[in-house]
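Spelled out, the chains give:
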Amino acid sequence: RFIAKPCAINLGIQDSGPHRAQPNAILEKVFTSITKSPDGKRLEGLSKQLDWDVRKIQRWFRHRRNQDKPTTLTKFCESMWRFTFYLSIFFYGIRFLWTAPWFWDTRQCWYNYPFQPLTSRLYYYYILELAFYWSLMFSQFTDIKRKDFLIMFVHHLATIGLITFSYMNNMVRVGTLVLCLHDASDFLLEAAKLANYAKYQRLCDAFFMLFGVVFIVTRLGIYPFWILNTTLFESWELIGPYPSWWLFNGLLITLQILHIIWSYLIIRTAYKALVRGKVSKDDRSDVESSSEEEDATSNSTKGVFSTSSNGSNRINGHVASGQWTEE
């Protein structure tokens, strides 16, 4: 409200929503009481009743659906908040872990486990991360509504479970490594979205490509060979398995499976952008094109993020389903 909004306005982002549908009592009643996306048979009936062309009715429903969607300014402010947090917590984590012995030698995560001291810096790092993900879960009900609401709700719930579980079992040393590793790419994705909303296409593409590289290196390289190696093998060697050991590693392996799926989606999107010079429309886009002409315009826009004239973001969220799924 006091920082992101003025920044958006200075970048030329207007607080104006999509084109509003012209008032029509009959279509409004169908929209609110029956369906927001009428089929062909219903369109034909409405066409005869109103003496309107079917294409005109389709356009009315498209405009009506869009007018309830958030503006580009609203999405910019949300992304700027997330960018600020991810960037801040990442540098906080790096600064804290740089002097931690287990950052350089992961076997230190298990020496004298579970009788390891909980320092104030480590405690605050955990609490900040936990508080943020709690806020994400609650704010989902008031923030921009997206098609992957249920997936993201489950994701945030699982993340909170992992953070809480590792804290209760005093696995906070290896937990800080996992948290810092995941924060390394998140702020780059939000930066790409900010550039997309501001219509800085080249900057947006550069941030997205950098995000893709960092994501794949950290999630497919560092995570399995650094994190999973210590939780599966070094911990087995130093402290041996116990009931929560199996659950903890099961969750971490499940996370690695998701990393593989998301990396595939990122690579596929980048490949399409390079080969075709554009990205196909994301199924999760939270604003529809308001006309067939706008669809054609957005499809002809080049770049990794193609921004249609209504400011639609192609990868809204932590990660999207279809093209992206929030991590």
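Residues numbered from 1 in each chain as written. Predicted model: local features only at pLDDT ≥ 70, side-chain atom pairs only at ≥ 80, totals over all residues. Heavy atoms only, no water.

The name an unreviewed UniProt entry gives the protein is CERS5 synthase, with Steatornis caripensis as the organism. Under the heading Catalytic activity (unreviewed entry), UniProt records this for the protein: "sphinganine + octadecanoyl-CoA = N-(octadecanoyl)-sphinganine + CoA + H(+)". (UniProt positions renumbered as here; feature names shortened; annotations may be inferred.)

Asker: Please set out the overall build of the protein residue by residue, giving values where relevant.
Answerer: When helices and strands are counted, the protein shows twelve helices and zero strands. What you see in the protein, going N to C, is helices and strands ordered as α-α-α-α-α-α-α-α-α-α-α-α. In the protein, which comprises 327 residues, the proportion classed as buried is 51%. For the protein, the share of sequence-separated contacts (at least 6 apart) that also reach a separation of at least 24 residues comes to 78%. Total accessible area on the protein is roughly 16300 Å²; 64% of this is exposed by carbon and sulfur atoms. (Helix = DSSP H or I, 4+ residues; strand = E, 2+ residues; numbered from the N terminus. Buried < 20%, exposed > 50% of the residue type's maximum accessible area, 1.4 Å probe, protein only. Contact = heavy atoms within 4.5 Å. Areas by Shrake-Rupley, 256 points an atom, 1.4 Å probe, with all protein chains shown as cover.)

Asker: Kindly report on the packing of aromatic side chains, identifying the contributing residues and their values.
Answerer: Counting across every chain of the model gives 27 aromatic pairs. Ring centres of F211 and F215 lie 5.6 Å apart, and the angle between their planes is 50°; this geometry places the pair in the tilted category. Residue F211 and its partner F215 are located together in helix α10 (residues 201-238), separated by four residues, close to a single helical turn. By way of ring pairs, the aromatic residues W81, F85, Y86, F132 and Y133 are connected into one cluster. In this arrangement the basic side chain of K56 is found over the ring face of W52, its NZ or CZ atom lying 4.3 Å from the centre. (Phe/Tyr/Trp six-rings, centres within 6.5 Å; stacked < 30°, edge-to-face > 60°. Lys NZ or Arg CZ within 6 Å of the ring centre and 35° of its normal.)

Asker: Now, about the side chain of Q116: what can you tell me, with residues and values included?
Answerer: On the secondary structure map, Q116 appears in the loop between α6 (101-104) and α7 (120-139). Within polar-contact distance, the side chain of Q116 engages the backbone oxygen of C109 at 2.9 Å. When near neighbours in sequence (up to four residues on either side) are disregarded, Q116 contacts Q108, C109, W110, Y111, N170 and R173. (Polar contact = N/O pair within 3.5 Å; in protein donor to acceptor, adjacent residues only side chain to side chain.)

Asker: I'd like a rundown of the environment of W226, residues and numbers included.
Answerer: Its place among the elements puts W226 in helix α10. Residue classification places W226 among the partly exposed positions, given a relative accessible area of 23%. Considered as a pair, W226 and L177 are 49 residues apart in the sequence and their alpha carbons are 9.3 Å apart. Once residues lying within four places of it in the same chain are set aside, the contact partners of W226 are F103, T106 and L177.

Asker: With reference to specific residues and values, describe helix α4 (residues 54-66).
Answerer: Between its first and last C-alpha atoms α4 spans 18 Å; for 13 residues at 1.5 Å apiece the expected length is 18 Å, and the two agree. Listed as buried for α4 are I57, W60, F61, R62, H63, R64, R65 and N66. Looking at where α4 begins, the residue whose side-chain oxygen comes 2.9 Å from the main-chain nitrogen of R55 is D53. (Expected span 1.5 Å × (residues − 1).)

Asker: Go over unusual backbone geometry with me, naming the residues and quoting the values.
Answerer: Following Y113, the chain continues into P114 via a peptide bond in cis, with omega recorded as 5°. Within the secondary structure layout, P114 lies in the loop between α6 and α7. Look at N112: it is not a glycine, yet its phi comes out positive at around 60°. Relative to the helices and strands, N112 resides in the loop between α6 and α7. On the basis of relative accessible area, N112 is assigned to the exposed category, the value being 54%. Of note in the backbone geometry, N170 takes a positive phi value of approximately 60° without being a glycine.

Asker: Before we move on, can you summarise the side chain of E234 with the specific residues and values?
Answerer: Structurally, E234 can be placed in helix α10. R107 provides the closest opposite charge to the buried, unpaired E234, separated from it by 4.7 Å. Within polar-contact distance, the side chain of E234 engages the side chain of T230 at 2.7 Å. Aside from chain neighbours lying at most four places away, what touches E234 is T106, R107, W110 and N229. (Lys, Arg positive; Asp, Glu negative; His and termini not counted. Salt bridge = Lys/Arg side-chain N within 4 Å of Asp/Glu carboxyl O.)

Asker: Got a sec to walk through the nonpolar core? Specific residues and values, please.
Answerer: L97, W102, L177, F211 and Y223 are the most contacted members of the largest nonpolar core, which has 51 residues in total. Elements represented by at least two residues in this core include exactly α5 (72-98), α6, α7, α8 (149-168), α9 (172-197), α10 and α11 (243-276). Per element, the largest residue contribution to this core is twelve residues, and it comes from α9. When residues no more than four places from it in sequence are discounted, the contact partners of Y223 are L181, H182, T218, L228, L252, L255, Q256 and H259. If you look at the next biggest cluster of nonpolar residues, it comprises ten residues, including V30, L43, I57 and W60. (Core = buried A, V, L, I, M, F, W, Y, C linked by side-chain atoms within 4.5 Å.)

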